[in-house]
Amino acid sequence: MGQGGLPARCLLLLLLGESGGLGSRGPPPRGAWEEEQGPVAEGGPWGRTRYEAAKQHLGAVGALSKQYWQYLACKVWQEGCEEEEESGASPGWSLPVVGQDYLEILSAWYCSFGKCCKTGDCRIVNNITGLEADLNGQLHGQHLAKEVVIRAVQGFLQSPQPEKALVLSFHGWSGTGKNFVARMVASHLYRDGLKSECVRVFISLFHFPHHKYVDSYKAQLKKQISETVQLCKQSLFIFDEAEKLHFSLLDAIKPFMAHHNNEGQVDHRKSIFLFLSNLGGNTINEVALDFWRAGRVREEISMEFLEQRLRLELQEPEENGYARSHLLEENLIDFFVPFLPLEYHHVKLCARDAFLARGLPYTEAALDEVAGMMVFVPTEEKLFSAQGCKSVSQRINYFLP
């Protein structure tokens, strides 16, 4: 029984308490005990001592306890279900109402420690409310990313039968929040976050460093994605530094992102693919700078205006996997998610979050000092942090005693 054994046995006492078993309080029915306490001739053919009567009563309770335990093991651990069927229990036999409530509590408690189903990580939480709250509270300067990610993920998860996997491509300078959002999505869709068996993270230069081995990489990548999809009813795949992926690797996994053809293949329509790339960062920054120079706030930048320009840059015939693969040509990417460059006050908010995450006090002067350590561009305006919020958490070490 592993981690759930001892608490489950304790809970069994509560379950039995609802049906007069070992955990029941008070004496057994009055008539039964009066019958067994009547005057009998010791050793007579029909005589039963109180000890024998109690022994018989406990034997009946023991049989009932075994029946409850088999039921419990079957419902929570999927063990002993055959024994339960062979035990003679009627098809409608079950725990009392309160006992059913206890069973549900036990199942939820047991699943919080380890796998409780045979089809992968069943601890899928899909906490969209929490995801939206954290994006609003912790992702700074990214009104477009917040809106697109929430709408896309929520709409996809609410669809009972999506036509294809959800594919999102994050674009922007380093330090603007692409990895941060990817981690946040994983932590709110799965209780184990990035450690979930249903989440796979691939870093281009780490997992696929040599182009001469691309055929081997293709086979390995397709195998890992296929196995994860088979194991999990909902999978998440994150590709960091996606612009450095060999185009043939992107084409190799294209079938997992395409519309499902129902030809005996594993159903991958419940999968989510996130591609993280620095491509398009210059285009995004130019748009943000133009708005600032025109005296317009960045929140006026719309997806329609920015996504079109971003898509055009990604299609330029350069040495990047996006342009050379068929993902763009076949419209397999559902949303291009732009991450805008971060300004001075956004960096201060990141510094504030870093102090709070460590439980450290801070002052406005300290936040200004951290933000002042960053390099800002362009040379004239010094408007955008060249590193975004990257390294902010390390820079607050300067203020530690």
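For the structure itself, look to the data block above.
Residues numbered from 1 in each chain as written. Predicted model: local features only at pLDDT ≥ 70, side-chain atom pairs only at ≥ 80, totals over all residues. Heavy atoms only, no water.

Engineer: I would appreciate a short explanation of the packing of aromatic side chains in the present structure.
Structural biologist: The geometry of an aromatic ring pair is captured by two quantities: the separation of the ring centres and the angle between the planes. Enumeration over the complete set of coordinates arrives at ten aromatic pairs. Arranged with centres 5.0 Å apart and planes meeting at 20 degrees, the rings of phenylalanine 202 and phenylalanine 239 form a pair that is stacked. Taken together, the positions of phenylalanine 202 in strand E2 (residues 199-203) and phenylalanine 239 in strand E3 (residues 236-240) put the pair 37 residues apart, joining distant regions of the chain. Both residues of the pair, phenylalanine 202 and phenylalanine 239, belong to the buried class. Taken together, the ring pairs connect Phe202, Phe208, Tyr213, Tyr217, Phe239 and Phe275 into an aromatic cluster. (Phe/Tyr/Trp six-rings, centres within 6.5 Å; stacked < 30°, edge-to-face > 60°. Helix = DSSP H or I, 4+ residues; strand = E, 2+ residues; numbered from the N terminus. Buried < 20%, exposed > 50% of the residue type's maximum accessible area, 1.4 Å probe, protein only.)

Engineer: Is there a simple way to think about the nonpolar core in this case?
Structural biologist: A general tendency of soluble globular proteins is for nonpolar side chains to be buried together. Within the largest apolar cluster, 73 residues are counted, with the highest numbers of intra-cluster contacts made by Phe170, Ile225, Leu236, Phe239, Phe273, Leu274 and Phe275. Here this core takes eight residues from helix H7 (residues 143-158), the largest share from any one element. With 15 residues, the next largest nonpolar core counts Ala366, Val370, Met374 and Ile396 among its residues. (Core = buried A, V, L, I, M, F, W, Y, C linked by side-chain atoms within 4.5 Å.)

Engineer: Sorry, what's going on with the side chain of histidine 188 here?
Structural biologist: Note that histidine 188 resides in helix H8 (residues 178-189). Classification of histidine 188 by relative accessible area gives buried; the value is 10%. Sequence-distant contacts of histidine 188, defined by excluding residues within four places in its chain, comprise Val125, Asn126, Asn127, Gly130, Leu131 and Asp134. (Contact = heavy atoms within 4.5 Å.)

Engineer: Got a minute to help me understand the layout of surface pockets in this structure?
Structural biologist: Taken as a whole, the largest pocket holds about 690 Å³ of empty space. Residue assignment for the lining of the largest pocket shows that the elements contributing at least two residues are H8, strand E4 (272-277), helix H16 (344-357) and helix H18 (392-395). (1 Å grid on protein atoms, 1.4 Å probe; cavity = no way out; pocket = protein on both sides within 12 Å on 5 of 7 lines; lining within 4 Å. Points joined across faces, edges and corners; volume = space filled by probe spheres on them.)

Engineer: Any chance you could explain the environment of arginine 293 here in plain terms?
Structural biologist: With respect to the helices and strands, arginine 293 occurs in helix H13 (residues 281-293). Note: C-alpha distance between arginine 293 and glutamate 381 (88 residues apart in sequence) is 9.6 Å. A polar contact of 2.8 Å, which involves the side chain of arginine 293, links it to the side chain of glutamate 381. (Polar contact = N/O pair within 3.5 Å; in protein donor to acceptor, adjacent residues only side chain to side chain.)

Engineer: So what exactly am I meant to see when it comes to the pattern of salt bridges here?
Structural biologist: Think of it this way: side chains of opposite charge can pair up when their charged atoms draw near. What the rule picks out here adds up to twelve salt bridges. For glutamate 330, the salt bridge identified is with lysine 254, shortest N-O distance 3.0 Å. With glutamate 330 in the loop between helix H15 (321-324) and strand E5 (335-338) and lysine 254 in helix H12 (residues 254-257), the pair connects residues that are 76 residues apart, well separated along the chain. Put simply, glutamate 300 and arginine 296 hold a salt bridge, and the shortest N to O gap is 2.9 Å. When salt bridges that share partners are traced, they join Lys348, Glu364 and Asp368 into one network. (Salt bridge = Lys/Arg side-chain N within 4 Å of Asp/Glu carboxyl O.)

Engineer: Teacher, can you tell me more about helix H6 (residues 128-138) here?
Structural biologist: Quick reminder: α-helices carry 3.6 residues per turn. Residues three or four places apart thus point the same way. Three or more residues of H6 are buried, namely Ile128, Gly130, Leu131 and Leu135. Down the axis of H6, the sector holding all buried residues measures 160 degrees, keeping them to one side. Packing partners of the buried residues in H6 comprise H7 and H8. (Arc of directions from axis to C-beta.)

Engineer: Explain unusual backbone geometry here, please?
Structural biologist: Cis geometry is found at the peptide bond from valine 377 to proline 378, where omega equals -5 degrees. For proline 378, the position within the fold is in the loop between strand E6 (376-377) and strand E7 (384-385). One non-glycine residue, lysine 382, adopts positive backbone phi at about 50 degrees. Mapped onto the elements of the fold, lysine 382 is located in the loop between E6 and E7. A relative accessible area of 51% means that lysine 382 is categorised as exposed. One non-glycine residue, serine 391, lies in positive phi territory at about 80 degrees. When you line up the elements, serine 391 lands in the loop between E7 and H18.

Engineer: I tried to follow a nonpolar patch on the surface on my own but got confused; where do I start?
Structural biologist: Taken together, the side chains of Leu194, Val201, Ile203 and Phe206 define a hydrophobic patch exposed on the protein surface, amounting to about 350 Å² of accessible area. Checked against the element boundaries, isoleucine 203 lands in strand E2. (Patch = residues over 30% accessible without salt bridge, like charges linked within 9 Å, V, L, I, M, F, W, Y side chains within 5 Å. Areas by Shrake-Rupley, 256 points an atom, 1.4 Å probe, with all protein chains shown as cover.)

Engineer: Teacher, can you tell me more about the side chain of glutamine 234 here?
Structural biologist: Looking at where glutamine 234 falls in the secondary structure, it is placed in the loop between helix H10 (214-231) and E3. The class for glutamine 234 is buried, based on a relative accessible area of 8%. A polar contact of 2.9 Å, which involves the side chain of glutamine 234, links it to the side chain of asparagine 126. Once residues within four sequence positions are removed from consideration, glutamine 234 is found in contact with Ile124, Asn126, Leu157, Leu189, Tyr190, Cys198 and Lys270.

Engineer: Help me out: how do you make sense of the packing of H6 against H7 in this one?
Structural biologist: When two helices pack together, you describe them by how their axes are tilted relative to each other and by the distance separating the axes. Contact geometry for H6 and H7: axes closest at 10 Å, N-to-C directions at 175 degrees. In terms of orientation, H6 lies roughly antiparallel with respect to H7. For the pair H6 and H7, the contacting residues are Ile128, Leu131, Glu132, Leu135 and Asn136 in the first and Lys146, Val149, Ile150, Val153, Gln154 and Leu157 in the second. (Axes fitted to C-alpha atoms, helices over the stretch in contact; angles between N-to-C directions. Parallel < 35°, antiparallel > 145°, perpendicular 65-115°, else oblique.)

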